[in-house]
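Close look at the chain arrangement
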Amino acid sequence: MDEKTRLIHAGRDVQPRARTVGPAIQRGSTVLLPNSRALYEEDLGYGRAGLAAQEALCLGLAELERASDVFLYPSGLAALSGALTAVLKAGDAILVTEGAYKPTRVFCQRVLTRFGVRVEIYDARLSPDELMALVKDDTRMILLESPSSLTFEMQDVPAIAAAARTRGVLTLMDNTWAAGLYFKPLAHGVDISVQALTKYVCGHSDIFMGSAATNDRKLAAQLEASIHDFGWAVTGDAAYDMLRGLRTLPTRLARHDETARAVAGWLTAQPQVKQVLHPALPGAPSHAIWDRDYSGASGLFGFVLNPCPLDAEHAFLDALKIFGLGFSWGGFESLAIRCDPQLKSRTFVTGLEGPLFRLHIGLEQASDLIADLVAGFAALDAAS
Ligand SMILES: *Cc1c(COP(=O)(O)O)cnc(C)c1O
């Protein structure tokens, strides 16, 4: 054969030489079929549905979520939009918590409505009875997120899921905060559990991915079909890296939890701080629900400052050296943001009596993080 041909085919029959602790990373859009009949008989005729690493990650996530079926999406937001469009159709209505991640709310209002779905935003603080009073004949689904993005209200998920089920309404929960580890939505009656794996499962702030998990065969079939219809794919490299994060998730999250509680407890004693919004702090709003349903807390929480000039808010953040200023979370590194500009898009008043900040507590030493915040508060005082 010509050299050109030999270069194209050399080495292609090599099989893995040994077992490794991680799955094989297969990079393949093309999948080779063993014979002519298989071209139209084989289930896996194309690589988009995922190969070894994607399958290994799904098996790991099935353990985490206690789910029969888990599906991967190229981002957390894609998992949310994907699961919603897999199930909802024109003429349906969805109740969406105002505490949902803002792009989720925007997707519902901007896209679902365009396709004939009625979208009603509800106050995250409604009791299960108050929420069920909003259910109408066309209500097909309730979207939950607990604790709320930014404001950290806890929803009574088991009660809402049980009441929704008796009314024939599906529930979908964004469980990114608990990382699938400290709260199990499916075990508490939720139909579809979604998380942005981008955050804690990844753990290193460098991969986008999302998952949707269910124990309902019919929903699983709908999710699978819509992934195929929309053409979403996740690469083997990304799945491999995500699985590496999953291996250390419990160990990392326990450390995030411990350090975050130490920093949150310290913050409650600072004169500049009006309120700390950390579900695991006794006395925090809806602490009782967290205490009943959760086996731990992650590293993300909020706090409210006593009213101060905007310049003092900026001075506080600008003085931080260990905390980065950034919107994501779930990685090994600590982050801080001010939240008030994001709250402007909300309808229901938060009732918070001062500027709201959010911290993500990474894996650094608590004493160093506290020293950083001390410097921040000194700058805040100087600018007040
Ligand atoms: C970040 C985030 C998402 C979206 O995840 P991406 O991978 O960034 O699309 C969804 N829900 C919550 C609660 C998040 O924090």
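Residues numbered from 1 in each chain as written. Predicted model: local features only at pLDDT ≥ 70, side-chain atom pairs only at ≥ 80, totals over all residues. Heavy atoms only, no water.

In the vicinity of the ligand lie 13 residues, with G76, L77, D174, T198 and K199 positioned nearest. In this structure, L77 approaches the ligand through a main-chain N or O atom, which is 2.8 Å from an oxygen atom. The separation between a nitrogen atom of the ligand and a polar side-chain atom of D174 is 2.6 Å. In the complex, the protein chains occlude 92% of the 380 Å² of accessible area that the ligand would expose alone. Its residues assigned to classes, the shell around the ligand comprises six nonpolar, four polar and three charged. (Near = heavy atom within 4 Å. Polar contact = N/O pair within 3.5 Å; in protein donor to acceptor, adjacent residues only side chain to side chain. Areas by Shrake-Rupley, 256 points an atom, 1.4 Å probe, with all protein chains shown as cover. Nonpolar A, V, L, I, M, F, W, Y, C, P; charged D, E, K, R; others polar.)

Once that is clear, we can look at the domain arrangement of the protein. Each domain of the protein was delimited in the assignment, giving domain 1 (38-247) and domain 2 (249-383). Here the C-alpha centroids of domain 1 and domain 2 sit 26 Å apart. For the pairing of domain 1 and domain 2, the buried interface totals around 3500 Å² over both sides, and the portion due to carbon and sulfur atoms is 59%. Its largest share of buried area at the contact with domain 2, domain 1 owes to L150, Y182 and Y200, together 26% of the area lost on that side. On the surface where domain 1 and domain 2 come into contact, there are one salt bridge. Between R292 and D156 there is a salt bridge; the shortest N-O distance is 2.6 Å. Counting across the interface, domain 1 meets domain 2 through 22 residue pairs in polar contact (both at pLDDT 80 or more). Mapped onto the side of domain 1 that touches domain 2, the elements with two or more residues apiece are helix 4 (102-112), strand 3 (118-122) and helix 8 (236-247). A total of three residues in the side of domain 1 that touches domain 2 trace back to one element, the largest contributor, which is helix 8. A class-by-class count of the residues in the side of domain 1 that touches domain 2 yields 19 nonpolar, 11 polar and nine charged. (Domains from an automatic or database assignment. Buried area = accessible area lost by both parts, 1.4 Å probe. Salt bridge = Lys/Arg side-chain N within 4 Å of Asp/Glu carboxyl O. Helix = DSSP H or I, 4+ residues; strand = E, 2+ residues; numbered from the N terminus.)

On to the side chain of T214, then. As for its placement among the helices and strands, T214 is situated in strand 7 (residues 210-214). A distance of 2.8 Å separates a polar atom in the side chain of T214 from the backbone oxygen of D191. Non-local contacts of T214, meaning those with residues more than four positions away in its chain, are made with A67, S68, D69, L186, D191, L219, A220 and L223. (Contact = heavy atoms within 4.5 Å.)

Okay, the sheet that holds strand 1 (residues 69-73) next. The strand order across the open sheet built from seven strands is 1-7-6-5-4-2-3, with neighbouring strands paired in mixed fashion. Of all strands in the sheet, those bounded by a partner on one side alone are strand 1 and strand 3. Averaged over all pairs of adjacent strands, the angle between their axes in this sheet comes to 20 degrees, without regard to strand direction. As paired strands, strand 2 (residues 93-97) and strand 4 (residues 139-145) are joined by four bridges and run parallel to one another. Counted as the bridge partner of L95 is I142 from strand 4. Against the sheet, helix 3 (residues 76-87) makes contact with strand 1, strand 2, strand 4, strand 5 (170-174), strand 6 (192-196) and strand 7, and its axis sits at roughly 155 degrees relative to strand 6, the strand it touches most. Most of the contacts of helix 7 (residues 217-230) go to strand 1, to which it runs at about 25 degrees, and overall it touches strand 1, strand 5, strand 6 and strand 7. (Pairing = 2+ DSSP bridges. Axes fitted to C-alpha atoms, helices over the stretch in contact; angles between N-to-C directions.)

Here we come to the nonpolar core. Grouped together as the largest cluster of nonpolar side chains are 61 residues, with contacts concentrated most on I142, W177 and Y294. In terms of residue count, helix 2 (residues 52-65) provides more of this core than any other element does, six residues in total. If you count residues domain by domain, this core takes at least three from each of domain 1 (38-247) and domain 2 (249-383). One finds A100, V119, L172 and W232 within the second-largest nonpolar core, a separate group that totals 31 residues. (Core = buried A, V, L, I, M, F, W, Y, C linked by side-chain atoms within 4.5 Å. Buried < 20%, exposed > 50% of the residue type's maximum accessible area, 1.4 Å probe, protein only.)

The residue E65 is located in helix 2 in this model. K184 is the oppositely charged side chain nearest to the buried, salt-bridge-free E65, at an N-O distance of 6.9 Å. Polar contacts involving the side chain of E65 include one to the side chain of Q195, which spans 3.4 Å. Beyond its immediate sequence surroundings of up to four residues, E65 is in contact with P185, L186, S193, Q195, S211 and A213. (Lys, Arg positive; Asp, Glu negative; His and termini not counted.)

Among the five residues that make up strand 5, five are buried, leaving the element largely enclosed by the rest of the structure. What you see with strand 5 is no split at all: L170, L172 and D174 on one side and T171 and M173 on the other are buried throughout. Judged from the five bridges that link them, strand 4 and strand 5 form a sheet pairing that is parallel. Directly across from E145, in strand 5, lies its bridge partner D174. Following the chain from strand 4 across helix 6 (residues 157-166) to the adjacent parallel strand 5, one finds a crossover that is right-handed. In terms of strand pairing, strand 5 meets strand 6 through three bridges, oriented parallel. Its bridge partner being in strand 6, D174 is matched across the sheet by V194. (Right-handed = clockwise from strand over helix to strand, strands pointing away.)

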